[in-house]
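Each chain, written out:
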Amino acid sequence: MPAAPNRRAVAVVLLVPLLVTLSLWAFAWPAARIAPRDLPVGVAGSAPAADQLQKRFEERDGAFEVHRYEDAAAARAAIRDRAVYGALVVTPKGPELLTASAASPVVSQLLTAAAAEAAPPGTQVPVTDVVAAPDADPRGSALGASILPLALAGVAAGAIVTLLGLRGVRAALTLTGASVLVGVVAAAIAHSWLGVLAGDWWTEAGAVGLTVLAIGAAVAGLAALLGTRGIGLGAVLIVLLGNSFSCVTSAPELLPEPVGAIGQWLPPGAGGSLLRSVAFFEGNAAGGSVLTLALWALLGLTAVVLGGGRKRPDTTATDPETADSPVREPEAARVG
C-alpha cells in the first residue's frame, strides 16, 4: 500500500524545515540579541565621584545592576567571588576599570567600552584584569568549544547504555564509570596538554565528570521512562537547547530573558559555569551549578534504577501473527 510511504515522505519534508527553524531559533536568535541585562558591575570609591559614575551606569535602564563598594580592595574581592564581572574604581588619578576576562572576555570588552562612556569626556580609563584568562586561551574560545563535546559524550553514554540493554544498578554504575573516565581524559587534554584551564586538576576532572554524568543520566533516565524515543528527547533537550543556551561563550546576563536563566538550569550551562569557577576562581560561586548538576544526575539515575526493575512487556502474547493463528497439531500426531 503506497499510503504509508507517502505519509512518511510528507513527514520528512515537514520535519526537516521544522528542525532547521528550531535550530536557528535556539542558536542564532540569542546570539543576535546579545546585550547587557542587569549585568552585575561594581562602583567603588567615595562620593560624589562614585555617585556620578553609578548614575552614568544607571542611565542605561535595565542594562547594569550596580553594586557599591568602599574601595578597590573590596571590588577586587567581589570580582574574585564572582559577585560582579568588573568594577569602576574612583582613584585620585581618575577612574580605573577592574575586569575579569576569565569570567567572560565578551563582558570585559563590553565593560571597557561602557567605562569609557561613563568616565568624564577626554579621560583615559586604565584597565586591570584581576582574574585574567590563560595565555593559551585569552578569548575563552577553547572553554566555549569544550561544552558541545561534553554534551555529545553524555548523550552518547546514555544512548549506548540504553541500546545495549543495560538496566538498573548496572546501567547506573556504567554511566558513572564512563563519566569519571571522561572527566580524567578531558582534564588531561584541556589542562595538562592545551593549558586552557588553570585550577586544581582533580577538581576540574570532577566538574567535567559530574557534567557528563548529569547529561548521560538524563538521557538514560528519559529512555527508561519513555523507551528509545526518550533518547531523541534527551538529545534535543541537551544539544539543541542546553548547548545553545549555555552562555559559555558570553554570559547569562547577555542573552534575552529567560534564555540565560534556562541555560543555567540545564546541564551544559551549569557544567560550563562550574568548570569556569573551579578553573579560574578557586570554586567561588560554584554551589548553584553543583546543585543543578547533582539534581539532574540524581533524578536520571533514579529513573534508570527504578526503570530497570520494571517487568518488560511480553511481546509474544500480543503478536498478531501468533495470537490469531490456530494451533496446529504435530504432523506425526495426525499421521498416527
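Everything below is about the structure printed above this text.
In this text the structure is predicted, and so the values were computed from the model without any measurement.

Q: Now, about the overall build of the chain: what can you tell me, with residues and values included?
A: Counting its secondary structure elements, the chain contains 13 helices and five strands. Scaling as 2.2 N^0.38, a compact globule of 336 residues should have a C-alpha radius of gyration of about 20 Å, whereas the chain reaches 27 Å, well beyond that. Dimensions along the principal axes, computed over C-alpha positions, put the chain at roughly 115 × 45 × 30 Å. At a minimum sequence separation of 6, the contacts of the chain that also span at least 24 residues come to 72%. Taken as a whole, the chain presents about 17,700 Å² of accessible surface, with 64% of it coming from carbon and sulfur. Between the averaged position of the 22 positive side-chain charges in the chain and that of its 25 negative side-chain charges there is a distance of 8 Å.

Q: Tell me about the pattern of salt bridges, and please be specific about residues and values.
A: If you walk through the whole model with that rule in mind, you get two salt bridges. When the shortest N-O distance is used, the salt bridge between Asp 51 and Arg 68 registers 2.7 Å. On the criterion of sequence distance, the pair formed by Asp 51 in helix 2 (residues 49-58) and Arg 68 in strand 2 (residues 64-69) is long-range, its members being 17 residues apart. For Asp 51, a relative accessible area of 38% puts it in the partly exposed group. Residue Arg 68 is classed as partly exposed on the basis of its relative accessible area, which comes to 34%.

Q: Could you give me a rundown of the packing of helix 8 (residues 229-243) against helix 10 (residues 267-280), with the residues and numbers involved?
A: Their axes nearest at 8 Å, the elements helix 8 and helix 10 cross at an angle of 55 degrees. Relative to helix 10, helix 8 is oriented oblique. On the side of helix 8, the interface is formed by Ile 238, Gly 242 and Asn 243, while helix 10 contributes Pro 267, Pro 268 and Gly 269.

Q: Describe the nonpolar core, with residues and values.
A: Membership of the largest hydrophobic core comes to 68 residues, with the highest contact counts inside it found for Leu 39, Phe 64, Leu 88, Leu 111, Leu 175, Leu 197 and Phe 280. It is helix 7 (residues 201-226) that provides the largest number of residues to this core, a total of seven residues. When residues no more than four places from it in sequence are discounted, the contact partners of Leu 39 are Ala 63, Phe 64, Glu 65, Tyr 85, Val 107, Leu 110, Leu 111, Glu 253 and Leu 254. Listed in part, the eight residues of the second largest apolar core include Ala 159, Val 219, Ala 223 and Ile 231.

Q: Before we move on, could you go through the packing of aromatic side chains and cite the residues and values that matter?
A: Per the stated rule, a full pass over the model turns up four aromatic pairs. Centre to centre, the rings of Trp 25 and Trp 29 are 6.0 Å apart; their planes meet at 10 degrees, and the pair counts as stacked. In this pair, Trp 25 and Trp 29 are both assigned in helix 1 (residues 3-32), four residues apart and thus about one turn of the helix distant. Trp 25 gets classed as partly exposed once you look at its relative accessible area, which sits at 40%. On the accessibility criterion, Trp 29 (29% relative accessible area) is partly exposed. Measuring from ring centre to ring centre gives 4.8 Å for Trp 201 and Trp 202, while their planes differ by 75 degrees; the resulting arrangement is edge-to-face. For Trp 202, a relative accessible area of 61% corresponds to the exposed category.

Q: Quick rundown of the packing of helix 5 (residues 141-163) against helix 7? Include the residues and the values.
A: Across the interface, helix 5 lies against helix 7 with an axial gap of 7 Å and an inter-helix angle of 40 degrees. As summarised for this structure, helix 5 and helix 7 are arranged oblique, according to the angle between their axes. Both helix 5 and helix 7 take part in a crossing whose hand is right-handed. Here Leu 150, Ala 151, Ala 153, Gly 154, Val 155, Gly 158, Ala 159 and Thr 162 of helix 5 come into contact with helix 7, specifically with Val 208, Val 212, Ile 215, Gly 216, Val 219, Ala 220 and Ala 223.

Q: Explain unusual backbone geometry to me, and be specific about the residues and the numbers.
A: Leaving glycine out, the prevailing phi sign among residues is negative, and the prevailing peptide bond configuration is trans. Following Ala 47, the chain continues to Pro 48 via a peptide bond in cis, the omega torsion being 5 degrees. For the bond from Glu 257 to Pro 258, the omega torsion is 0 degrees, close enough to zero to count as cis. Here Pro 258 shows up in the loop between helix 8 and helix 9 (259-265). Phi at Cys 247 takes a positive value of approximately 65 degrees, unusual for a residue other than glycine. Tracing the sequence through the fold places Cys 247 in the loop between helix 8 and helix 9. Unusually for a residue other than glycine, Glu 282 sits at a positive phi of about 55 degrees. By the element assignment, Glu 282 lies in the loop between helix 10 and helix 11 (287-308).

Q: Give a detailed account of a nonpolar patch on the surface, specifying residues and quantitative values.
A: A grouping of Leu 15, Leu 18, Leu 19, Leu 22 and Trp 25 is seen on the molecular surface, where their side chains present a nonpolar patch of about 450 Å² in accessible area. Along the polypeptide, Leu 22 turns up in helix 1.

Q: How would you summarise the pairing of strand 2 if you had to cite specific residues and measurements?
A: Taken together, the six bridges between strand 1 (residues 39-44) and strand 2 define a ladder with parallel strand orientation. Bridging from a neighbouring strand, Val 41 pairs with Val 66 of strand 2. You can see the chain leave strand 1, run along helix 2 and come back into strand 2, and the turn it takes is right-handed.

Q: I'd like to hear about the sheet that holds strand 1, residue by residue, with values.
A: Each strand in a sheet pairs with another by means of backbone hydrogen bonds, the pair being arranged parallel or else antiparallel. With mixed pairing, the five strands of this open sheet are ordered in space as 2-1-3-4-5. Two strands lie at the open edges of the sheet, namely strand 2 and strand 5 (127-129), each paired on one side alone. Geometrically, the sheet is characterised by an average inter-axis angle of 25 degrees between neighbouring strands, direction not taken into account. Packing against the sheet, helix 2 makes contact with strand 1, strand 2, strand 3 (86-91) and strand 4 (94-99), and its axis sits at approximately 165 degrees to strand 2.

Conventions and cut-offs
- Residues numbered from 1 in each chain as written.
- Predicted model: local features only at pLDDT ≥ 70, side-chain atom pairs only at ≥ 80, totals over all residues.
- Heavy atoms only, no water.
- Helix = DSSP H or I, 4+ residues; strand = E, 2+ residues; numbered from the N terminus.
- Rg over C-alpha atoms; globule rule 2.2 N^0.38 Å.
- Contact = heavy atoms within 4.5 Å.
- Areas by Shrake-Rupley, 256 points an atom, 1.4 Å probe, with all protein chains shown as cover.
- Lys, Arg positive; Asp, Glu negative; His and termini not counted.
- Charge placed at Lys NZ, Arg CZ, Asp CG, Glu CD.
- Salt bridge = Lys/Arg side-chain N within 4 Å of Asp/Glu carboxyl O.
- Buried < 20%, exposed > 50% of the residue type's maximum accessible area, 1.4 Å probe, protein only.
- Axes fitted to C-alpha atoms, helices over the stretch in contact; angles between N-to-C directions.
- Parallel < 35°, antiparallel > 145°, perpendicular 65-115°, else oblique.
- Core = buried A, V, L, I, M, F, W, Y, C linked by side-chain atoms within 4.5 Å.
- Phe/Tyr/Trp six-rings, centres within 6.5 Å; stacked < 30°, edge-to-face > 60°.
- Left-handed = near helix turned anticlockwise from the far one by under 90°.
- Patch = residues over 30% accessible without salt bridge, like charges linked within 9 Å, V, L, I, M, F, W, Y side chains within 5 Å.
- Pairing = 2+ DSSP bridges.
- Right-handed = clockwise from strand over helix to strand, strands pointing away.

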